[in-house]
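Below, each chain spelled out in residue letters.
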Amino acid sequence: MNDIFKLPETCTNMAEVRIGVDQTDRELMELLDRRFGYMRAAARIKPDRNVVRDEARKAEVIENARADAERRGLPAEELKRIWDDLVETSIAYELVEWDRIRT
């Protein structure tokens, strides 16, 4: 058990569940911050704006997430849709960053 929050299997009341959910959301945001850092790095590294969108890579990332969700017994199709939104948001962010760096 973590000192700040309990793991799901050890929660005994809704207050503990909510603390765990809130902590997990903060951790997810930290991970998203790192992920978008990679988008900034990609924008810096890619020499041409036209290569920011890579449909084959997008499909690969989304399928990886769907398959991982399925292996974990999570709602795979719903998470696939979330990942599609995440990747599209990442592409849009990278395009903005690509333009910002070069103007």
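Our subject is the structure listed above.
Residues numbered from 1 in each chain as written. Predicted model: local features only at pLDDT ≥ 70, side-chain atom pairs only at ≥ 80, totals over all residues. Heavy atoms only, no water.

Asks: With reference to specific residues and values, describe a nonpolar patch on the surface.
Replies: Taken together, the side chains of Met14, Val17 and Val21 make up a nonpolar region of the molecular surface, amounting to roughly 230 Å² of accessible area. For valine 21, the position within the fold is in helix α1 (residues 14-45). (Patch = residues over 30% accessible without salt bridge, like charges linked within 9 Å, V, L, I, M, F, W, Y side chains within 5 Å. Areas by Shrake-Rupley, 256 points an atom, 1.4 Å probe, with all protein chains shown as cover. Salt bridge = Lys/Arg side-chain N within 4 Å of Asp/Glu carboxyl O. Helix = DSSP H or I, 4+ residues; strand = E, 2+ residues; numbered from the N terminus.)

Asks: Could you give me a rundown of the packing of helix α2 (residues 55-71) against helix α3 (residues 76-102), with the residues and numbers involved?
Replies: Viewed as axis vectors pointing N to C, α2 and α3 meet at an angle of 150°, and their least axial separation amounts to 9 Å. The pairing of α2 with α3 is recorded here as roughly antiparallel in orientation. When the axes of α2 and α3 are compared, the crossing they make is right-handed. In this structure, α2 contributes Lys58, Val61, Ile62, Ala65, Arg66, Ala69 and Glu70 to the contact, and α3 contributes Ala76, Glu77, Leu79, Lys80, Trp83, Asp84, Val87, Glu88 and Ile91. Per-class residue counts for the contact of α2 with α3 are nine nonpolar, no polar and seven charged. (Axes fitted to C-alpha atoms, helices over the stretch in contact; angles between N-to-C directions. Parallel < 35°, antiparallel > 145°, perpendicular 65-115°, else oblique. Left-handed = near helix turned anticlockwise from the far one by under 90°. Contact = heavy atoms within 4.5 Å. Nonpolar A, V, L, I, M, F, W, Y, C, P; charged D, E, K, R; others polar.)

Asks: Quick rundown of the packing of aromatic side chains? Include the residues and the values.
Replies: A complete count under the given rule lists one aromatic pair for this structure. Seen in terms of ring centroids, phenylalanine 36 and tyrosine 93 are 5.0 Å apart; in terms of plane orientation they differ by 85°. Their pairing is edge-to-face. One end of the pair, phenylalanine 36, is in helix α1; the other, tyrosine 93, is in helix α3, and 57 residues separate them in sequence. (Phe/Tyr/Trp six-rings, centres within 6.5 Å; stacked < 30°, edge-to-face > 60°.)

Purely geometric stuff here, so don't read any function into it on its own.
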